[in-house]
Amino acid sequence: METVLNPLVQALEEGDTLKLKSILENTHPQALLEVWDELKGEHRYVLLTLLPKEKAAELFSHLPPEAQAEYLKTLPPWRVREILEELSLDDLADAFQAVEEEDPALAQRLKAALDPETRAEVEELTQYEEDEAGGLMTPEYIALKSSMTVEEVLRFLRRAAPDAETIYYLYVVDEEGRLIGVLSLRDLIVADPRTRVKEIMNPEVIFVRTDTDQEEVARLMADYDFTVLPVVDEEGRLVGIVTIDDVVDVLEEEATEDIHKLAAVDVPDLVYSQ
Ligand code: ATP
Ligand code: MG
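Bear in mind that the values here come from a model prediction, so they are computed numbers and not experimental data.

Caption draft 1: Representation of the overall build of the protein in the model. Secondary structure assignment for the protein yields 16 helices and 6 strands. Over its C-alpha atoms, taken along the principal directions, the protein stretches across nearly 60 × 60 × 40 Å. In the protein, which comprises 274 residues, the proportion classed as buried is 42%. Within the protein, contacts between residues at least 6 apart in sequence are counted, and of these 61% link residues at least 24 apart. Surface summary for the protein: the accessible area is close to 15900 Å², and the carbon and sulfur share equals 49%.

Caption draft 2: How the structure looks around the sheet that holds strand 4 (residues 208-209). Spatially, 4-5-6 is the arrangement adopted by the 3 strands of the open sheet, whose pairing is mixed. With partners counted over all chains shown, the strands left at the sheet margins are strand 4 and strand 6 (238-243), one partner each. With 5 bridges joining them, strand 5 (residues 228-232) and strand 6 adopt antiparallel strand pairing. Looking at strand 6, one finds that Val232 is bridged to Leu238. Against the sheet, helix 15 (residues 214-224) engages strand 4, strand 5 and strand 6, with an angle of about 135 degrees to strand 5.

Caption draft 3: Spotlight on unusual backbone geometry. Even without being glycine, Asp225 reaches a positive phi, approximately 60 degrees. On the secondary structure map, Asp225 appears in the loop between helix 15 and strand 5. When its relative accessible area of 65% is taken as the criterion, Asp225 is described as exposed.

Caption draft 4: View of the layout of surface pockets. Looking at the largest pocket, its volume works out to about 1300 Å³. Lining the largest pocket are 39 residues; nearest its centre among them are Ser61, His62, Leu63, Asp249 and Glu253. Here the lining of the largest pocket is composed, by residue class, of 11 nonpolar, 10 polar and 18 charged. Its volume calculated, the second largest pocket comes out at about 1000 Å³. Residue lining of the second largest pocket: 37 residues in total, with Leu89, Leu92, Thr118, Glu121 and Glu140 positioned closest to the centre. Here the residues of the lining of the second largest pocket are counted per class, giving 24 nonpolar, 2 polar and 11 charged.

Caption draft 5: Quick look at the pattern of salt bridges. Scanning the model with the defined rule gives 14 salt bridges in all. The residue Glu123 makes a salt bridge to Lys111 at a minimum N-O spacing of 4.0 Å. Of this pair, Glu123 sits in helix 10 (residues 116-125) while Lys111 sits in helix 9 (residues 104-113), and the two are 12 residues apart along the sequence. Residue Glu123 is classed as partly exposed on the basis of its relative accessible area, which comes to 36%. On the accessibility criterion, Lys111 (7% relative accessible area) is buried. Taking the shortest distance from any N to any O, the salt bridge between Arg209 and Asp211 comes out at 3.5 Å. Owing to a relative accessible area of 34%, Arg209 belongs among the partly exposed residues under this scheme. Residue Asp211 is classed as partly exposed on the basis of its relative accessible area, which comes to 42%. When salt bridges that share partners are traced, they join Glu100, Lys111 and Glu123 into one network.

Caption draft 6: Representation of the site of ligand 1 in the model. Around ligand 1 sit Tyr169, Val182, Leu183, Ser184, Arg186, Asp187, Asn202, Glu204, Val205, Ile206, Phe226 and Pro230, and that is every residue in its neighbourhood. Between ligand 1 and Asp187, the relevant distance is 2.6 Å, taken from an oxygen atom to a side-chain nitrogen or oxygen of the residue. Note that a nitrogen atom of ligand 1 is positioned 2.8 Å from one of the backbone N or O atoms of Ile206. The protein chains hide 65% of the 620 Å² of surface that ligand 1 would expose on its own. Counting only elements with at least two residues in the shell around ligand 1, the list comes to strand 3 (179-184) and helix 13 (185-190). If you tally residues by element for the shell around ligand 1, the top one is strand 3, at 3 residues. Taken together, the residues of the shell around ligand 1 sort by class into 7 nonpolar, 2 polar and 3 charged.

Cut-off values and rules
Residues numbered from 1 in each chain as written. Chains lettered and ligands numbered in written order. Predicted model: local features only at pLDDT ≥ 70, side-chain atom pairs only at ≥ 80, totals over all residues. Heavy atoms only, no water. Helix = DSSP H or I, 4+ residues; strand = E, 2+ residues; numbered from the N terminus. Buried < 20%, exposed > 50% of the residue type's maximum accessible area, 1.4 Å probe, protein only. Contact = heavy atoms within 4.5 Å. Areas by Shrake-Rupley, 256 points an atom, 1.4 Å probe, with all protein chains shown as cover. Pairing = 2+ DSSP bridges. Axes fitted to C-alpha atoms, helices over the stretch in contact; angles between N-to-C directions. 1 Å grid on protein atoms, 1.4 Å probe; cavity = no way out; pocket = protein on both sides within 12 Å on 5 of 7 lines; lining within 4 Å. Points joined across faces, edges and corners; volume = space filled by probe spheres on them. Nonpolar A, V, L, I, M, F, W, Y, C, P; charged D, E, K, R; others polar. Salt bridge = Lys/Arg side-chain N within 4 Å of Asp/Glu carboxyl O. Near = heavy atom within 4 Å. Polar contact = N/O pair within 3.5 Å; in protein donor to acceptor, adjacent residues only side chain to side chain.

Okay, structure coming up:
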């Protein structure tokens, strides 16, 4: 496969910032991740500094924890701020866990710079086990009241959508915040504007709890074909959503672990004999 490596390295070596910026604007962060290990340390640093901030955050969220901690320590403060702002809350909580292990003082300083609401949410998220739904979820979901009309929801969505992790599924909660229904964006759009949410929502919600094992989350998503699952606490209150991208990462990690385990097993010679 043709990679971005050659033109990228050339632009980096030549210090051709204009060319570099144009490459970076047209390259998906994943394409950069694929050549990441082949780049010099100083070049990686330049890329993380020059990338458009959304892409920088996306790339950053896929780096190993030690690398995340290192970059948060060494990147220019404005860039650190942009990356932290762009990360979704689940990725932000993961990044803080990484920094806390490597450099607790830096973690404190970065945390102090967050706005109070984000800080509280990050602190909340870091309390969950990493391999359970709580450790994968993000609180950036959209919750509706069942008495809202479709028209009201659409108006509400215009305000809420930019900060939500996904808007394809909308969850319905009661006065106590307990999860009582779900509807898709499609359900909403095809409904008459005067219909109330309770009339079109599906009350049979498939959900997980904060302490549901990540493998179980993955299994449910695969079996039910859902790209998002809601997460509730012990009282049944909606506290987050897990999205398919995080679950795919989990499956990848587990597959890699399994392959390593297999590789460690002594395979009898006869397996290879013809
Ligand atoms: P279709 O698959 O028929 O094209 P769609 O694209 O509108 O429908 P999907 O994303 O497939 O929507 O979701 C179908 C239905 O699944 C939605 O109407 C929604 O009510 C329901 N749904 C979504 N998430 C859940 C969930 N966690 N538990 C139960 N039902 C859910
Ligand atoms: Mg569908």
